[in-house]
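Next come the chains, spelled out residue by residue.
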Amino acid sequence: LLSGSVDKSVRVWRRKELEERKGRDGVQFVCQQLLTSHTAPVTCLAAICSARGAAPVINTLIASGSSDSTVVIWQRESYEGDFVCLQTLSFGRGFTMGMDFSFLPGSNEPVLACGCDDTRVKLFVRRNKEFCLALALKGHEDWVRDVQFAQEDSTGDLLLASCSQDTYVRLWRVSCKSVDPSGSGTGNELRLEGNTFAHECESESEGGFETQRVKYYQVVPEAVLIGHEDWVYSVRWHPLVEVEGPAAADGDDTPVLSSLWSLSQPMCLLSASMDKTMVLWCPEGGPEGGAWVEQVRVGEVGGNLSGLYGAVFGPNGNSILGHGYQGAFHLWRRRRRGAENEFEGGVAEEQLGAEQWEPVETIGGHFGAVQDVVWDPRGRFFLSASADQTTRLHAPWRRRHTHTRDDSSAGMKEEEEEEEGIVEQEQVSWHE
């Protein structure tokens, strides 16, 4: 686990099992190493692991971005070793707002994407053990807030998602070509020419020796996703899911990110915006491809004046969690229903889709000193006022689940079940 802080440092944490306490409560993370190189707060992090050589050596890379206009690359060549500073990338008077690592298609060479305040997405690839600028992708019209890679199962291409303060989300396709797409050049060096570049990749021969082979890569715009009405702060791809059988059949040359044969990448993207909404984007034609369209939109109406600063998928992709400036979490969970069920009004489910997203209660609390609390005269709820400029209402909640069971003696009966708990039910915000 990595964390960056305003104290200008990066901490590397390792999970540790506590012998005296087994189970969920017997796990804690301990700080393994403190990385200090930046001269200003750390604002974004990215990491990747790769295996090299016939006897695999796990090589870990970390990229840390800071408001000192630099990105520092850290490297660790063994699991038990320490990270050392490999390189410092300078962005002049600019900043990088978001970063992500991946591997170039068909190779084990890392590529680093940086979203910058000059409206460009910059791609860095490693050459002679140092990262060099390969491409600067133009398209956005304001600061690029976040970037993230995903690998398409059917082609092995990389899809890079980027979001910006221009309210747009852009998709870029990174593909490997057998010949120079530009039709010129020798391929002996890393060249900047349009949206193509050549790179010498290490490949393993039959004798187990590593050789250099030139590969050509092309980056083209895939789609522009329009739907948000304010700054888009984050983009996240759906987590990998398990599938039956290997991801690539024997003899299939489709490149994969790792040797995990049972994982597949769904083509689904989550974006979060200051317009208080989260949107799920998917190809209209399903996994086979098609125009990218808005599939689901969830969010808040009223309440916090500030929007969402980011959102993430749950581990299996069946829930999404957004967070805002006021400290509130917004959790939505996917609920699938049988085809025989009907929604209110008698509309068949197949006419509206096979799934719904519903809000779920989340934990919450003040992030400033609590100045006063007062109970409702009837004891049903209480209010708390805080120096964080919010007043919050706390009350018990009960959710009723209604379902039908078949009783042979009494016919069809409706039953109700209750779940109880205590949760912050509503938050009222105001500004000075």
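Residues numbered from 1 in each chain as written. Predicted model: local features only at pLDDT ≥ 70, side-chain atom pairs only at ≥ 80, totals over all residues. Heavy atoms only, no water.

Caption draft 1: Spotlight on the packing of aromatic side chains. Summed over the entire model, instances satisfying the criterion amount to seven aromatic pairs. Measuring from centroid to centroid gives 6.3 Å for Trp231 and Tyr233, while their planes differ by 40 degrees, and the two rings are tilted. Given the relative accessible area of 15%, Tyr233 is considered buried. Between the aromatic rings of Trp375 and Phe382, the centroid separation amounts to 5.1 Å while the plane-to-plane angle is 55 degrees, which identifies the pairing as tilted. Through pairs of rings, three or more aromatic residues link up here, namely Trp231, Tyr233 and Tyr309. (Phe/Tyr/Trp six-rings, centres within 6.5 Å; stacked < 30°, edge-to-face > 60°. Buried < 20%, exposed > 50% of the residue type's maximum accessible area, 1.4 Å probe, protein only.)

Caption draft 2: Examining the pattern of salt bridges more closely. Under the definition given, this model contains nine salt bridges. For Arg236, the salt bridge identified is with Asp146, shortest N-O distance 2.6 Å. Of the two residues, Arg236 is situated in strand β17 (residues 232–237) and Asp146 in strand β12 (residues 144–151); the sequence distance between them amounts to 90 residues. The partner of Arg173 in a salt bridge is Glu152, with the nearest N and O atoms 2.7 Å apart. (Salt bridge = Lys/Arg side-chain N within 4 Å of Asp/Glu carboxyl O. Helix = DSSP H or I, 4+ residues; strand = E, 2+ residues; numbered from the N terminus.)

Caption draft 3: Structural context of the environment of Phe29. Inspection of the secondary structure puts Phe29 in strand β3 (residues 27–36). Contacts of Phe29, omitting those with residues within four sequence positions, involve Leu1, Trp13, Arg14 and Arg15. (Contact = heavy atoms within 4.5 Å.)

Caption draft 4: Seen up close, the pairing of strand β8 (residues 96–103). With seven of eight residues buried, β8 is to be regarded as a mostly interior element. Relative to strand β9 (residues 110–116), β8 is paired through seven bridges, and the arrangement is antiparallel. Note that in β9 the partner of Asp100 across the bridge is Ala113. In textbook terms, the turn of a hairpin is the stretch between consecutive antiparallel strands, and for β8 and β9 this stretch comprises six residues, one of which, Gly106, has a positive phi near 75 degrees. (Pairing = 2+ DSSP bridges.)

Caption draft 5: Structural context of unusual backbone geometry. With phi around 75 degrees, Thr119 is a residue other than glycine that occupies positive phi space. Examined against the element boundaries, Thr119 turns out to sit in the loop between β9 and β10 (121–127). Take Thr119: its relative accessible area is 23%, and that puts it in the partly exposed class.

Caption draft 6: Summary view of the sheet that holds strand β1 (residues 2–4). Read across the sheet, three strands follow the order β1-β2-β3 without closing on themselves; strand pairing throughout is antiparallel. Looking at strand neighbours, the two that pair on one side only are β1 and β3, the edges of this open sheet. Here the strands of the sheet are splayed against their neighbours by 30 degrees on average, with no regard to which way each runs. Strand direction decides the pairing type here: strand β2 (residues 9–17) and β3, joined by nine bridges, are antiparallel. Residue pairing for β3: Val10 is matched across the bridge by Leu35. (Axes fitted to C-alpha atoms, helices over the stretch in contact; angles between N-to-C directions.)

Caption draft 7: A look at the environment of Phe367. Position of Phe367 among the secondary structure elements: in the loop between β26 (355–360) and β27 (370–375). For Phe367, a relative accessible area of 48% gives the class partly exposed. Considering only alpha carbons, one finds Phe367 and Thr390, 23 residues apart in sequence, at a separation of 9.5 Å. If we skip the residues at most four places from it in the chain, Phe367 touches Tyr325, Gln326, Gly327, Asp388 and Arg392.

Caption draft 8: The arrangement of the side chain of Thr70 in detail. Looking at the element boundaries, Thr70 is found in strand β6 (residues 70–76). Of the polar contacts made by the side chain of Thr70, one reaches the side chain of His38; its length is 3.3 Å. Beyond its immediate sequence surroundings of up to four residues, Thr70 is in contact with His38, Ser64, Gly65, Thr88, Leu89 and Phe91. (Polar contact = N/O pair within 3.5 Å; in protein donor to acceptor, adjacent residues only side chain to side chain.)

Caption draft 9: Quick look at the confidence of the model for the chain. When the pLDDT values of the chain are averaged, the result is 79; 72% of them are 70 or greater. Per-residue pLDDT stays below 50 along residues 204–209; that stretch engages in three contacts with residues further than four places along the chain or on separate chains. Counting contacts from residues 247–260, a segment whose pLDDT is below 50, to residues more than four positions away or on other chains yields 15 contacts. (pLDDT = per-residue confidence, 0-100.)

Caption draft 10: The nonpolar core, seen in detail. The biggest cluster of nonpolar side chains holds 19 residues, and the ones touching the most others in it are Leu123, Leu137, Phe149, Leu160, Phe197 and Val219. Those elements that place two or more of their residues in this core are β9, β10, β11 (130–137), β12, β13 (158–164), β14 (169–177) and β16 (210–225). Core analysis: the next-biggest nonpolar cluster, separate from the first, contains 17 residues, Cys44, Phe91, Leu112 and Cys114 among them. (Core = buried A, V, L, I, M, F, W, Y, C linked by side-chain atoms within 4.5 Å.)

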